[in-house]
Amino acid sequence: LGGAQEQWLAEGWSLERPWHLLAQQTLMAPHRTRNRGGQTVAWTAGWAGYPAARQRLLGTAAARQVPGLVVLGGDVHAHYVAHLHADPEDARSPVAGVEFCGTSISSRGPAPARVEAVLAHNPHLLHGDGRHRGSMLFTLDEHRLQADLRAVEQPADPASAVRSRARFSVEAGRARVERG
């Protein structure tokens, strides 16, 4: 984001509304793993490549106590569900919002071992699934957001069945994801 977009977004948060949905193109939560040398590295194709902008956005949302911040992303070929901390590098900082990042329907995702390694190094990531292709279905009302992470059983078959792989919910006024 540029300065004008950051200001526009910061001024647009309404403290009277129960939900603020922020759609964007990738994973906002930190995504760390270890390289072959054992060093921790960040995946910089997402917001980890823009840490100052991410910290300003989430820090502003936390400072203003923006209710119901839900970030929606995709284009990482895996489902991820995360808590977004005001300081993304400090898991003890307040949770400013939650994130749901969707997978693809037909493109292959990362190796399952890679997703498991990412989950092991990122406690704010509550769920990760790179094995299954699919979509997310959201149900939202004034009290709750429900997310159904769905998978296509046979991605190459247009008539394939689709089934739920995981379900999550967020209560209005709480920046916390609950399973189920």
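Located above this text is the structure these notes cover.
The structure presented is a predicted model; accordingly, all values stated were derived computationally and were not measured.

What to know about the nonpolar core
- With 24 residues, the main nonpolar core has Leu22, Met28, Leu57, Leu58, Leu69 and Tyr80 as its most contacted residues.
- Listed by contribution, the elements that provide at least two residues to this core are α2 (51-63), β4 (69-73), β5 (79-85), β6 (95-101) and α3 (112-121).
- Broken down by element, the residue count for this core peaks at four residues, all from α2.
- Among all residues touching tyrosine 80, those that are not within four sequence positions of it are Leu27, His31, Glu99, Phe100, Cys101, Val115, Val118, Leu125, His127 and Gly128.
- If you look at the next biggest cluster of nonpolar residues, it comprises twelve residues, including Val70, Val81, Leu149 and Val170.

Regarding unusual backbone geometry
- Notably, aspartate 75 is not glycine yet its phi reads approximately 65°, a positive angle.
- With respect to the helices and strands, aspartate 75 occurs in the loop between β4 and β5.
- Note on aspartate 75: relative accessible area 60%, which makes it exposed.
- In this structure, histidine 77 takes a positive phi of about 60° despite not being glycine.
- Along the polypeptide, histidine 77 turns up in the loop between β4 and β5.
- Overall, histidine 77 belongs to the partly exposed group, its relative accessible area being 28%.

Structural notes on the sheet that holds strand β7 (residues 125-129)
- If you walk across this open sheet you meet the five strands as β1-β4-β6-β5-β7, and the pairing is mixed. At either end of the open sheet lies a strand with only one pairing partner, and these are β1 (20-23) and β7. Sheet twist, expressed as the mean angle between neighbouring strand axes with direction ignored, is 20°.
- Bridge count for β4 against β6 is four bridges, and the pairing is parallel. If you follow glycine 73 over to β6, its bridge partner there is cysteine 101.

Focus: the pairing of β1
- Residues His20 and Leu22 of β1 are buried on one face, while the alternating residues Leu21 and Ala23, pointing to the opposite face, are not.
- When β1 meets β4, the two strands line up parallel, connected through four bridges. Considered in β4, the bridge of leucine 21 is made with valine 70.

Overview of the sheet that holds strand β11 (residues 178-179)
- Read from one edge to the other, the open sheet built from four strands follows the order β8-β9-β10-β11, with strand pairing classed as antiparallel. One side of each edge strand has no neighbouring strand; the edge strands of this open sheet are β8 (134-140) and β11.

Cut-off values and rules
- Residues numbered from 1 in each chain as written.
- Predicted model: local features only at pLDDT ≥ 70, side-chain atom pairs only at ≥ 80, totals over all residues.
- Heavy atoms only, no water.
- Core = buried A, V, L, I, M, F, W, Y, C linked by side-chain atoms within 4.5 Å.
- Buried < 20%, exposed > 50% of the residue type's maximum accessible area, 1.4 Å probe, protein only.
- Helix = DSSP H or I, 4+ residues; strand = E, 2+ residues; numbered from the N terminus.
- Contact = heavy atoms within 4.5 Å.
- Pairing = 2+ DSSP bridges.
- Axes fitted to C-alpha atoms, helices over the stretch in contact; angles between N-to-C directions.

Function-wise, these values are silent; they only describe arrangement.
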